[in-house]
Every structure is written in C-alpha cells, then in structure tokens.
Amino acid sequence: MDFLSEENMAGQTLLKLVSRGNAINAEMLRLSDHIPSAFLVEEGPSKGASAVAEGDRRFVDLMWDFKYMTQSELFEEKLNASETLLELDEELRETHLPILERFYLMFESIYKYIKDFLRYLEELNEGVFIQHTFESILMDFDGKQLLAEAVHLYGVMLLLMDERIEGIVRERMLVAFYRYKGSETIALADEVCKLCRTTGYQPSALKKPLHYPEDYFARFPLPKP
C-alpha cells in the first residue's frame, strides 16, 4: 500500500501533522508582525522603544512576566491599591483580549503539535499502525521525507518563536491572557507556559545564552534514536 494513500492511516496521520506544522509557522509569521505595542514597552530606553506607541507606555506597570505566577497576590495587591492602574487594567483587557487569545492559541498549537508527534512515534513503536514501524517508514521515500519534515518543523517553530516573539513579550502576553481569561478556562496553561517561558535569547545580542538552543529544545524533547 502506498504510504500516502487515503487508506494508509500511518501516512495520512503524518501528512496531516506536517500540514498542521506548516500552518502553525505561517500563523506565527503573521501574528509576530502584529504584537501589541503595549507588550513591547520597556521601563527605560531601549533599542525597540520606537516600536512602542506613545499611548501604550501607560501600561508599563501592568507588563508582568512569569514572576506573577508565584507572586500573584503581591501583584494584585499593587493593582487594587491604585484606581489609575485598575482603570488601565480594564482598558487593556477590553482592547487586547482578542489578540491575546489568538497568540495563546498559536502557542498552544505548538505544544499540541509536539505532543501529537510524540504520540505518533509511540504508536509506531507500539504497533498501532499495522504493517508500519519507525524503521519501515524510514525505508519509504515519502515516509522518510515526512518524518524529517515533521522534526524540522518543530525545530523551526521553536527558533522562529524565539526570534520573532521575544521571551519577555511571550511571558507578558500569557500572564495578561491568564488573568483576563481565567485560569480555570485554560486547560493547558502549565504546558504552554513551560514551552514559552523566556530562554534568555535576544535576537539583537551578540552572544547566545549558555547551552542554547539545546536547553530550549529539551523542554519537550524528541526521543533519541
């Protein structure tokens, strides 16, 4: 049976996974050109300051990173003690929740992609796909190409995300979405936060963080051959 025939579940599953991976990277490229200006703001002068709309600098005291996850009471106390901050917080929620949700769903789709790819590899080893093993797929021209592309796409997703959406910006957007949407409605919040937490990489920096990108990839590693 041809690996890409409609009756071949192993081939169709992998083909659909690769198609999803390409769609995720395309969506990331689109979204990364529309990062809300408020989440790019820095407290002091920065190289990217010109990218921040003047009006959005008002929100700087609401740009919270993942420290919020372990110290939420302190952050919320500061918020509730200021009428000005409360008003800005409500404005930020009303004007930015839809785009924050779109970013969250894109981040979540990356996690789901690698989770589903890992499950696919496990099912191959468990014999779920009759007449197909990891080794037999590597012997098939189309199968080998799709497996390689699936791995490549995952690597591109991670590197593209770190290049186009800086770690601190990811954290700020996720914290805002977490607060505005409600943690009880976000089933994969922990997994997405683990994937998206800052790596320390900065596109404009001359040096990469130590053990980068190996430690980054190790957050959700592929099985060793």
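One numbering rule holds for all chains: residues counted from 1, following each sequence as written. For a predicted model such as this one, the threshold for reporting local features is a pLDDT of at least 70, and the threshold for listing and counting side-chain atom pairs is 80 or more; totals across whole chains, interfaces and linings nevertheless cover every residue. Derived side-chain values reflect all non-hydrogen atoms in the structure, with water molecules and hydrogen atoms excluded from consideration.

**Things to note about the nonpolar core**
Reasoning step 1: Nonpolar core, defined: a set of buried Ala, Val, Leu, Ile, Met, Phe, Trp, Tyr and Cys residues in which side-chain atoms within 4.5 Å join the residues together. For the exposure calls, accessible area comes from a 1.4 Å probe over protein chains only, and a residue counts as buried if that area is under 20% of its type's maximum, exposed if over 50%, partly exposed in between. Ranked by size, the top nonpolar core spans 67 residues in total, and within it L14, F39, L62, F107, I110, Y120 and I165 carry the most contacts.
Reasoning step 2: Only DSSP runs of H or I with at least four residues qualify as helices, and only runs of E with at least two residues qualify as strands; both kinds are numbered from the N terminus onward. Secondary-structure elements contributing two or more residues to this core are α1 (9-32), α3 (72-80), α4 (83-126), α6 (141-164), α7 (167-181) and α8 (189-196).
Reasoning step 3: Leaving out residues up to four positions away in the same chain, I110 has contacts with I24, M28, M157, L158, M161 and L195. In this description, contact between two residues means that some pair of their heavy atoms is separated by no more than 4.5 Å.

**Comments concerning α4**
Reasoning step 1: The term bend refers to the angle at a residue between two fitted axes, each drawn through seven residues, those ending there and those starting there. Considering bend angle alone, the principal kink of α4 is centred on H96 and spans about 60°; proline P98 follows within four residues of it.
Reasoning step 2: G127, located one to two residues past α4, shows a positive phi value of around 80°.

**Digging into the environment of V175**
Reasoning step 1: If you trace the backbone, V175 turns up in helix α7.
Reasoning step 2: For V175, a relative accessible area of 1% gives the class buried.
Reasoning step 3: Along the primary structure V175 and L222 are separated by 47 residues, whereas in three dimensions their C-alpha atoms are 28 Å apart.
Reasoning step 4: Residues contacting V175, with those up to four places away along its chain left out, are W64, D65, F66, Y68 and M69.

**Side note on the packing of α1 against α6**
Reasoning step 1: Packing of α1 against α6 leaves a shortest axis separation of 9 Å and a crossing angle of 20°. On the basis of their axis angle, the class for α1 and α6 is roughly parallel. Note on packing geometry: the crossing formed by α1 with α6 is left-handed. Facing G11, L14, L15, V18, G21, N22, I24, N25, M28, L29 and S32 of α1, the residues of α6 in contact are G143, L146, L147, E149, A150, L153, V156, M157, L160, M161 and R164.
Reasoning step 2: Residues of the contact of α1 with α6, tallied by class, amount to 14 nonpolar, six polar and two charged. The convention used is that axes are lines fitted to C-alpha atoms, helices contributing only their stretch in contact, and that angles between N-to-C directions extend from 0 to 180 degrees. When describing relative orientation, an angle under 35 degrees is termed roughly parallel and one over 145 degrees roughly antiparallel, while 65 to 115 degrees is termed roughly perpendicular and anything else oblique. Crossings are classed by handedness, with left-handed meaning an anticlockwise turn of the near helix from the far one by less than a right angle and right-handed meaning a clockwise turn. Residues are grouped as follows: nonpolar covers Ala, Val, Leu, Ile, Met, Phe, Trp, Tyr, Cys and Pro; charged covers Asp, Glu, Lys and Arg; every other residue, Gly included, is treated as polar.

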